[in-house]
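# Chain and residue survey
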Amino acid sequence: MVTPNTDVAYDSKIEGDIVVSRLDAVVNWIRTNSMWPMPMGLACCAIELMAVGGPKFDIARFGAEVMRFSPRQSDCMIVAGTVTYKMAPHLRRIYDQMAEPKWVIAMGACASSGGMYRSYATLQGVDRIVPVDVYVSGCPPRPEALLDALVKLQDKVRKTPSFKKNFA
């Protein structure tokens, strides 16, 4: 069953080509289809992250092909791999430097929960230092799993009110 899209409406009876929509829906549509990831490749999951940008998987289909290595130009951090306590403050600093709104994808078992490393040096989940929006399971997860996480994050962004904090 197909549900009608109530966010955007086109009425051909109105003179001129006018599209009627809510500002919130338009802003979320823009944010959804133009995510600029900040790759935090810390271990083997980073190889799978790089594979997502290749022609076989083509992350460009989802509007997220512009990998930015500057936190000021990124709105989605992809933490791929094992986070150590030595790296954790730097990861948090990069997250703090990202502009609002920002989202985080924890890619792989190590980033999500420490994985097989239950040691004094490994952070047991990146969610202890930054808020995670989507977790990707696997060790290392396949590129398709990261694309699935990106789609889930896009759904979350689409449903999030854009201006509620500022104008309500």
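Bear in mind that the values here come from a model prediction, so they are computed numbers and not experimental data. (Residues numbered from 1 in each chain as written. Predicted model: local features only at pLDDT ≥ 70, side-chain atom pairs only at ≥ 80, totals over all residues. Heavy atoms only, no water.)

## A closer look at the sheet that holds strand E3 (residues 37-41)
Strand pairing in a sheet relies on backbone hydrogen bonds. The paired strands run either parallel or antiparallel. Read across the open sheet, the four strands follow the order E3-E4-E5-E6; overall the sheet is parallel. On the outer flanks of this sheet lie E3 and strand E6 (134-136), each paired with one strand and no other. Between one strand and the next, the sheet's axes are offset by a mean angle of 15°, whatever the strand orientation. Seen against the sheet, helix H3 (residues 88-97) touches E3, strand E4 (76-80) and strand E5 (103-107) and runs at an angle of roughly 165° to E4. (Pairing = 2+ DSSP bridges. Helix = DSSP H or I, 4+ residues; strand = E, 2+ residues; numbered from the N terminus. Axes fitted to C-alpha atoms, helices over the stretch in contact; angles between N-to-C directions. Contact = heavy atoms within 4.5 Å.)

## Brief notes about the environment of Asp127
Within the secondary structure, Asp127 is located in the loop between helix H4 (109-113) and E6. Residue class for Asp127 comes out partly exposed when judged on its relative accessible area of 37%. Along the sequence, Asp127 and Ala106 sit 21 residues apart, while their C-alpha atoms lie 8.2 Å from each other. Setting aside chain neighbours within four positions, we find Asp127 in contact with Ser112, Val132 and Tyr135. (Buried < 20%, exposed > 50% of the residue type's maximum accessible area, 1.4 Å probe, protein only.)

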